[in-house]
Amino acid sequence: MAGINNQQRWKGRIVTNPEILAGKPVVAGTRISVELILDHLAANWSMTEIIESYPSITPEDILAALAFAADVIRIKPFITVNEIKK
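Residues numbered from 1 in each chain as written. Predicted model: local features only at pLDDT ≥ 70, side-chain atom pairs only at ≥ 80, totals over all residues. Heavy atoms only, no water.

Details of the packing of helix 2 (residues 34-42) against helix 4 (residues 59-75)
To characterise two packed helices, one gives the angle between the axes of the helices and the distance between these axes.
At step 1: Two elements in contact, helix 2 and helix 4, have axes separated by 10 Å at closest approach and are oriented at 100 degrees. When the axes of helix 2 and helix 4 are compared, the pair comes out roughly perpendicular. Contact residues: helix 2 offers V34, I37, L38 and L41, while helix 4 offers I62, A65, L66, F68 and A69.
At step 2: Along the lines of polarity and charge, the residues of the contact of helix 2 with helix 4 split into nine nonpolar, no polar and no charged. (Axes fitted to C-alpha atoms, helices over the stretch in contact; angles between N-to-C directions. Helix = DSSP H or I, 4+ residues; strand = E, 2+ residues; numbered from the N terminus. Parallel < 35°, antiparallel > 145°, perpendicular 65-115°, else oblique. Contact = heavy atoms within 4.5 Å. Nonpolar A, V, L, I, M, F, W, Y, C, P; charged D, E, K, R; others polar.)

Set out below in structure tokens:
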């Protein structure tokens, strides 16, 4: 969807704090990381399954995590597959 400002989707919903999960991006007011949400989505969990397992988040929080991840890739696009492999 061209023209959508992803930051508007995640601003205020995705936060970082060095005192929470070593500063990883999390859903505001929780210890649920963007990484955890993405891992579950990559494992084919539905939004409903994620929310049932983590009732403190909403569908909008999950979409915010995706928008945040898209912005991260947009800002730092030159990560190669070999850099990810361990």
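Here we look at helix 4
At step 1: Helix length check: helix 4 (17 residues) gives 25 Å between terminal C-alpha atoms against 24 Å at 1.5 Å per residue, within 8%.
At step 2: What helix 4 keeps buried is the set D61, I62, A64, A65, A67, F68, A69 and D71.
At step 3: The elements touched by buried residues of helix 4 are helix 1 (6-10), strand 1 (14-15), strand 2 (26-27), helix 2 and helix 3 (47-53). (Expected span 1.5 Å × (residues − 1). Buried < 20%, exposed > 50% of the residue type's maximum accessible area, 1.4 Å probe, protein only.)

What about the environment of I20?
At step 1: With respect to the secondary-structure elements, I20 resides in the loop between strand 1 and strand 2.
At step 2: Residues I20 and I32, 12 residues apart in the sequence, show an inter-C-alpha distance of 9.7 Å.

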